[in-house]
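So you can see what is in the structure, the chains are spelled out below.
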Amino acid sequence: MAVVKIEALGKAHDVANFDCGSTDLNHWLRTTARQHQKNNTSKTFVLIEEESPAVVQGFVTMAIRDVTPKDDLPVAMAKKLPMNVAGYTLARLAVSTNARHRGYGERLLFEAMERVCQAARLVGGFAMFVDAKDGAVDFYKKYGFLQLPNDPDILVLPIASMPEFPNG
Ligand SMILES: CC(C)(COP(=O)(O)OP(=O)(O)OC[C@H]1O[C@@H](n2cnc3c(N)ncnc32)[C@H](O)[C@@H]1OP(=O)(O)O)[C@@H](O)C(=O)NCCC(=O)NCCS
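Residues numbered from 1 in each chain as written. Predicted model: local features only at pLDDT ≥ 70, side-chain atom pairs only at ≥ 80, totals over all residues. Heavy atoms only, no water.

Focus: the side chain of T44
Now for step 1: Inspection of the secondary structure puts T44 in strand β2 (residues 43-49).
Now for step 2: A residue is classified by how much of its surface remains accessible, and T44, at 0% relative accessible area, is buried.
Now for step 3: Looking at T44, its side chain comes within polar contact range of the side chain of T61, at 2.8 Å.
Now for step 4: Excluding anything up to four places from it in sequence, T44 contacts E7, A8, L9, W28, L29, A33, Q37, F59, V60 and T61. (Helix = DSSP H or I, 4+ residues; strand = E, 2+ residues; numbered from the N terminus. Buried < 20%, exposed > 50% of the residue type's maximum accessible area, 1.4 Å probe, protein only. Polar contact = N/O pair within 3.5 Å; in protein donor to acceptor, adjacent residues only side chain to side chain. Contact = heavy atoms within 4.5 Å.)

As structure tokens, this is what we get:
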């Protein structure tokens, strides 16, 4: 089994040949992710295998999210919250079509959760949200994300419901 690492997107990573089967996600990684990385509008982390460190097997992008009215949240989750809550967005997550079903999507999702836990410990934040694309709703539901009642393609996982991470 390959030894894998997740690292911040950098110049050495070959984004041009990444293919996850989604034109939008490919295009975004190839043309936009590095610019956002530079100006801090979002942060992208790539999963690589040690024997081919330039080849991007998958990536996850995270960003700050606009405040969400508590009325948009699942009812049970909204109890005891202020009118609006701050959170984070898992903006994009994709695994190369050649590298599916190796657990890389899960590794990237847990990486995002751990980083959000670290950020929330320092500056607060209620939850991580995800705009699920390309039929990935069931993928996120496996990990405890709940759909927003009025917009089921958006899912939410409170930080308090995330696993405990050693560096979280
Ligand atoms: C969704 C995606 C990231 C999953 O990546 P992956 O590396 O193949 O997933 P993993 O191997 O880590 O799978 C982890 C678990 O999720 C399940 N899973 C994977 N894709 C799934 C999907 N689309 N729906 C439901 N479950 C899914 C797997 O069966 C596995 O479950 P198991 O451990 O019980 O067997 C990948 O299919 C992908 O990049 N799709 C195209 C882009 C996309 O849809 N991104 C999400 C947009 S927000």
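Digging into the pairing of strand β3 (residues 58-69)
Now for step 1: Note: β2 against β3, 5 bridges, orientation antiparallel. Across the sheet, the residue bridging to T44 is T61, located in β3.
Now for step 2: Of the pairings in the sheet, the one linking β3 to strand β4 (residues 84-95) comprises 10 bridges and is antiparallel in character. Within the sheet, the bridge partner assigned to T61 lies in β4 and is R92. (Pairing = 2+ DSSP bridges.)

Here's the deal with the site of the ligand
Now for step 1: Close contacts around the ligand come from 21 residues, with L93, V95, G103, G105 and E106 the closest.
Now for step 2: K142 has a polar side-chain atom sitting 2.9 Å from an oxygen atom of the ligand.
Now for step 3: Considered on its own, the ligand offers 900 Å² of accessible surface; in the complex 73% of this is hidden by protein.
Now for step 4: At the level of secondary structure, the elements contributing two or more residues to the shell around the ligand comprise β4, α4 (104-123) and α5 (137-141). (Near = heavy atom within 4 Å. Areas by Shrake-Rupley, 256 points an atom, 1.4 Å probe, with all protein chains shown as cover.)

Brief notes about the packing of aromatic side chains
Now for step 1: Under the defined criterion, the tally for this structure stands at 6 aromatic pairs.
Now for step 2: Between F18 and F59, the aromatic rings sit 5.4 Å apart at their centres with planes inclined by 75 degrees, giving edge-to-face as the arrangement. Taken as a pair, F18 in the loop between β1 (4-8) and α1 (23-31) and F59 in strand β3 lie far apart in primary sequence, 41 residues in all. When sorted by exposure, F18 lands in the same class as F59, which is buried.
Now for step 3: Note on F139 and Y143: the rings are 5.4 Å apart at their centroids and 65 degrees apart in plane angle, and the pair reads as edge-to-face.
Now for step 4: Given the relative accessible area of 17%, Y143 is considered buried.
Now for step 5: Aromatic ring contacts, followed pair by pair, group F110, F139, Y140, Y143 and F145 into a single cluster.
Now for step 6: The lysine or arginine in question, R115, covers the ring of F45, its NZ or CZ lying 3.9 Å from the ring centre. (Phe/Tyr/Trp six-rings, centres within 6.5 Å; stacked < 30°, edge-to-face > 60°. Lys NZ or Arg CZ within 6 Å of the ring centre and 35° of its normal.)

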